Amino acid sequence: MTATWMTAPQRTVLVVAILASFAAFLDGSAVNVALPAISAELGGGLSSQQWVVDAYLLSLGAFILLAGSLSDAFGRKRVLLTGLIGFGLTSVACAIAPTVETLILMRGLKGVFGALLVPSSLALILDAFSTEKQGRAIGIWTAFTSIASIAGPALGGVLVDALSWRWVFGINVLPIALGVVLAHWLEQDPPRSSAAHVDVVGALLGVAGLGLPVFVLIEQPRFGWESPIIIGALVVGVISLIGFIAWELRTSQPMLPMGIFRARNFSVGNVATFFVYAGLSLGTFALAVFLQQSAGYSATMTGLAMIPSSLVLIGLSAYIGRLSGRVGTRLLMGAGPVIAGGGFALMLAITDEADYLTQVLPAVIVFGLGMAVTVAPLTATILGAVEPAHAGIASATNNAVSRIAGLIAVALAASLGGSVSIDLDSFHRLVASSAIAMLIGGAISGVGIRDTARRAVRPRVRAAAVRTAPEQADPRTADSRR
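## Some remarks on the overall build of the protein
Here is step 1: Check the secondary structure of the protein and you find 19 helices and 0 strands.
Here is step 2: In the protein, which comprises 482 residues, the share counted as buried stands at 56%.
Here is step 3: At a minimum sequence separation of 6, the contacts of the protein that also span at least 24 residues come to 83%.
Here is step 4: By element, 68% of the accessible surface of the protein is carried by carbon and sulfur atoms, the whole surface being about 19200 Å².

Structure follows, in structure tokens:
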């Protein structure tokens, strides 16, 4: 990473942000292919396998808003280092877990530390880069972190087949250790304001309001909607979520300042995020299951089948980030999901044999192109719509939206395609639904997003000149007041 458009300190920030987020995304995507091997060695049935995955997702989803608030209150570097160290230690604990119960417990704790990583990483980028360079930096971040999400199953399959399932968790120690070393070179956080505090009531309500509905989405297929466990968790979760919103509106120092939703691009961007990531999760889930259960692909080959989309993301995300700074994000955010939806539409031509070169590969490439056009402008627009002081909670909110969208989509997939297998007909229904969700996301962006890339040139210059105190002057506050 020798680019001349950023300074050495900015390069360090970008590398640390990539390493931290890469580890979090890799852990969430690589573990699925290791589940049979884990069960064979440690025992436990389907329920244990589900909770190896779900414990991480549940704690990550429940604590991510709190993590964003902590990043804003206590400083990006401090929170990021805590997350890195905790994530590394729990990765080691998972790798050496002697029982499946220990593994599930450590996975849940790991999700808490994982929640600290992504919001702090993106907030660091926003603090370090002037407005006109943020799109380019986020584009690079997007390229590398997208690799972890999409190529994780392939790496997990290789590690399981060649070494042991334990390496799926142990491999995370490498990027985490490098991230911890490099993080010490980051600039120190500014002194903590005496007004900074943790909104304890909001934090408790937020954890329950997010965590319990996520629990319901995960466990409803197993327990059923009539189960007292599901009904009770849903009722308490909804009440907590309503209570969280009411509390945040009335408290003087909220964990989630509701005023950020008055920023048009922030609100519209998060609605678009919901549909885009619902389509992404539903489509990639359907493809992965169909290729293995119906088309006869191995776990490793299924993971490798998605590699071309990762290559497209690597090659184009940085360029798209630069392009968004010149032409604005509205066009790209409108076109990207439509292209990605076209990739899912191409999957309607896949037959029972699922010939890779003629049927799967073209669809995967088009899908990857669409996501490359979408993700960096979407992230830059949402985070650029709020004041820098709220970058952590804004990033956490967007991450929560994307993860909940994915959980809802996969829950719907179980209803549409069956929980045991996905045949050709149900696969076609699922990818058609994914294409529709992507088209909706593109339409929302195209109609609702306001371009700010060409506005307020002079304030941008001023903001670049006062990067040591970004909270005092930043052109993004103009958009947040709309």
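What follows picks up the thread again.
## Considerations on unusual backbone geometry
Here is step 1: Of note in the backbone geometry, Ala 354 takes a positive phi value of approximately 50 degrees without being a glycine.
Here is step 2: Tracing the backbone through its elements, the reader meets Ala 354 in the loop between helix 14 (330–346) and helix 15 (356–384).
Here is step 3: Judged by its relative accessible area of 1%, Ala 354 falls in the buried class.

## Topic: the packing of aromatic side chains
Here is step 1: Summed over the entire model, instances satisfying the criterion amount to 5 aromatic pairs.
Here is step 2: Note on Phe 290 and Phe 427: the rings are 4.4 Å apart at their centroids and 10 degrees apart in plane angle, and the pair reads as stacked. Taken together, the residues Phe 290 in helix 11 (residues 264–293) and Phe 427 in helix 17 (residues 424–448) connect sequence positions 137 residues apart.
Here is step 3: Classification of Phe 427 as buried rests on a relative accessible area of 0%.
Here is step 4: Measuring from centroid to centroid gives 5.2 Å for Phe 344 and Phe 367, while their planes differ by 45 degrees, and the two rings are tilted. Here Phe 367 lies in helix 15 and Phe 344 lies in helix 14, a separation of 23 residues in the sequence. Each member of the pair, Phe 344 together with Phe 367, is buried.
Here is step 5: Directly above the aromatic system of Phe 87 lies the positively charged group of Lys 110, at a separation of 5.0 Å from the ring centroid.

## Observations concerning helix 9 (residues 200–223)
Here is step 1: For helix 9, with 24 residues, the first-to-last C-alpha span of 32 Å sits near the 34 Å given by 1.5 Å per residue.
Here is step 2: At Leu 217, helix 9 is deflected by roughly 35 degrees, the largest bend along its length, and proline Pro 221 occurs up to four residues later in sequence.

## Quick word on the environment of Gly 108
Here is step 1: As for its placement among the helices and strands, Gly 108 is situated in helix 5 (residues 100–128).
Here is step 2: The exposure class assigned to Gly 108 is buried, which follows from its relative accessible area of 15%.
Here is step 3: In sequence terms Gly 108 and Asp 54 are 54 residues apart; their C-alpha atoms lie 8.2 Å from each other.
Here is step 4: Those residues within four positions of Gly 108 in sequence are excluded, and the remaining contacts are Ala 55, Tyr 56 and Ser 59.

## Considering the side chain of Ser 434
Here is step 1: Positionally, Ser 434 belongs in helix 17.
Here is step 2: For Ser 434, the residues in contact, after removing those within four places along its chain, are Gly 279, Leu 282, Gly 283 and Phe 344.

## Some remarks on the environment of Glu 353
Here is step 1: With respect to the helices, strands and loops of the structure, Glu 353 is situated in the loop between helix 14 and helix 15.
Here is step 2: In this structure Glu 353 comes out as exposed when scored by relative accessible area, which is 60%.
Here is step 3: Sequence-wise, Glu 353 and Ser 294 are 59 residues apart; in three dimensions their C-alpha atoms are separated by 8.3 Å.
Here is step 4: Polar contacts involving the side chain of Glu 353 include one to the side chain of Thr 351, which spans 3.0 Å.

## Overview of the packing of helix 14 against helix 17
Here is step 1: Two elements in contact, helix 14 and helix 17, have axes separated by 7 Å at closest approach and are oriented at 170 degrees. Classified by the interaxial angle, the pair formed by helix 14 and helix 17 is roughly antiparallel. Listed contacts from helix 17 to Arg 330, Met 333, Gly 334, Pro 337, Val 338, Ala 340, Gly 341, Phe 344 and Ala 345 of helix 14 are Val 431, Ser 434, Ala 435, Met 438, Leu 439, Gly 441, Gly 442, Ser 445, Gly 446 and Val 447.
Here is step 2: Within the contact of helix 14 with helix 17, the residues separate by chemical class into 11 nonpolar, 7 polar and 1 charged.

## Looking at the confidence of the model for the protein
Should pLDDT be low for a region, the predicted coordinates there are not to be read in detail.
Here is step 1: Looking at the protein, pLDDT values average 78 and 86% of them are 70 or higher.
Here is step 2: In the predicted structure, residues 453–482 sits below a pLDDT of 50 and forms 53 contacts with residues beyond four places in sequence or in another chain.

## A word on a negative patch on the surface
Here is step 1: A contiguous patch of negative charge, built from Asp 352, Glu 353, Asp 355, Asp 423 and Asp 425, is present on the exposed surface.
Here is step 2: Mapped onto the elements of the fold, Asp 352 is located in the loop between helix 14 and helix 15.

## Things to note about the packing of helix 4 (residues 76–95) against helix 8 (residues 173–183)
Here is step 1: Relative to each other, helix 4 and helix 8 sit at 150 degrees, their axes nearing to 9 Å. Compared by their axis directions, helix 4 and helix 8 come out roughly antiparallel. When the axes of helix 4 and helix 8 are compared, the crossing they make is left-handed. Contacts between helix 4 and helix 8 pair Lys 77, Leu 81, Leu 84, Ile 85, Phe 87, Gly 88, Ser 91 and Val 92 from the former with Val 173, Ile 176, Gly 179, Val 180 and Ala 183 from the latter.

## Describing helix 14
Here is step 1: When the terminal C-alpha atoms of helix 14 are compared, their 25 Å separation across 17 residues agrees well with the 24 Å that a helix rising 1.5 Å per residue should span.
Here is step 2: Listed in full, the buried residues belonging to helix 14 are Leu 332, Met 333, Gly 334, Gly 336, Pro 337, Ala 340, Gly 341, Gly 343 and Phe 344.

Here is what the cut-offs are and how they apply
- Residue indices follow the written sequence of each chain, beginning from 1 at its first position.
- Confidence filtering applies because this is a predicted model: local features only for residues at pLDDT of at least 70, side-chain atom pairs given and counted only at 80 or more, and all residues used for totals across whole chains, interfaces and linings.
- Each side-chain value is worked out from all heavy atoms of the structure, with water and hydrogens disregarded.
- Going along the chain from the N terminus, every DSSP run of H or I of four or more residues is numbered as a helix, and every run of E of two or more is numbered as a strand.
- Throughout this description, buried means an accessible area under 20% of the type-specific maximum (1.4 Å probe, protein chains only), exposed means over 50%, and partly exposed covers the range between.
- In what follows, a contact means two residues having at least one pair of non-hydrogen atoms within 4.5 Å.
- Note on areas: Shrake-Rupley, 1.4 Å probe, and residue coverage restricted to the protein chains presented here.
- Aromatic pairs are defined between Phe, Tyr and Trp rings, using the six-membered ring for Trp, whenever the two ring centres lie within 6.5 Å; interplanar angles under 30 degrees are classed as stacked, those over 60 as edge-to-face, and all others as tilted.
- Placement of a positive charge over a ring is assigned whenever Lys NZ or Arg CZ falls within 6 Å of the ring centre and within 35 degrees of the normal to the ring plane.
- For a helix, the expected span equals 1.5 Å multiplied by the number of residues minus one.
- For a residue, the bend is simply the angle between two axes, fitted respectively to the seven-residue segment ending there and the seven-residue segment starting there.
- Pairs of N or O atoms within 3.5 Å make up the polar contacts considered here, provided that, within protein, one atom can donate a hydrogen while the other can accept it, and that residues adjacent in sequence are counted only when both atoms are side-chain atoms.
- Orientation is described by lines fitted to C-alpha atoms, with helices fitted over the stretch in contact, and by angles between N-to-C directions that extend from 0 to 180 degrees.
- Reported orientations rely on four angle classes, namely roughly parallel under 35 degrees, roughly antiparallel over 145, roughly perpendicular from 65 to 115, and oblique for the rest.
- Each residue gets one label: Ala, Val, Leu, Ile, Met, Phe, Trp, Tyr, Cys and Pro are nonpolar, Asp, Glu, Lys and Arg are charged, and the others, such as Gly, are polar.
- Each residue gets a pLDDT score, which is the predictor's confidence in that residue and runs from 0 to 100.
- In this scheme, patches are assembled from residues that exceed 30% relative accessible area and form no salt bridge. Like charges are connected within 9 Å, while nonpolar side chains (Val, Leu, Ile, Met, Phe, Trp, Tyr) are connected within 5 Å.
- Put simply, a salt bridge is a Lys or Arg side-chain nitrogen that is within 4 Å of an Asp or Glu carboxyl oxygen.
- His is not counted here, nor are the chain ends, while Lys and Arg score as positive and Asp and Glu score as negative.
- By convention, the point assigned to a charge is CZ for Arg, NZ for Lys, CD for Glu and CG for Asp.
- By convention, the crossing between two helices is left-handed when the near helix turns anticlockwise from the far helix through less than a right angle, and right-handed when the turn is clockwise.

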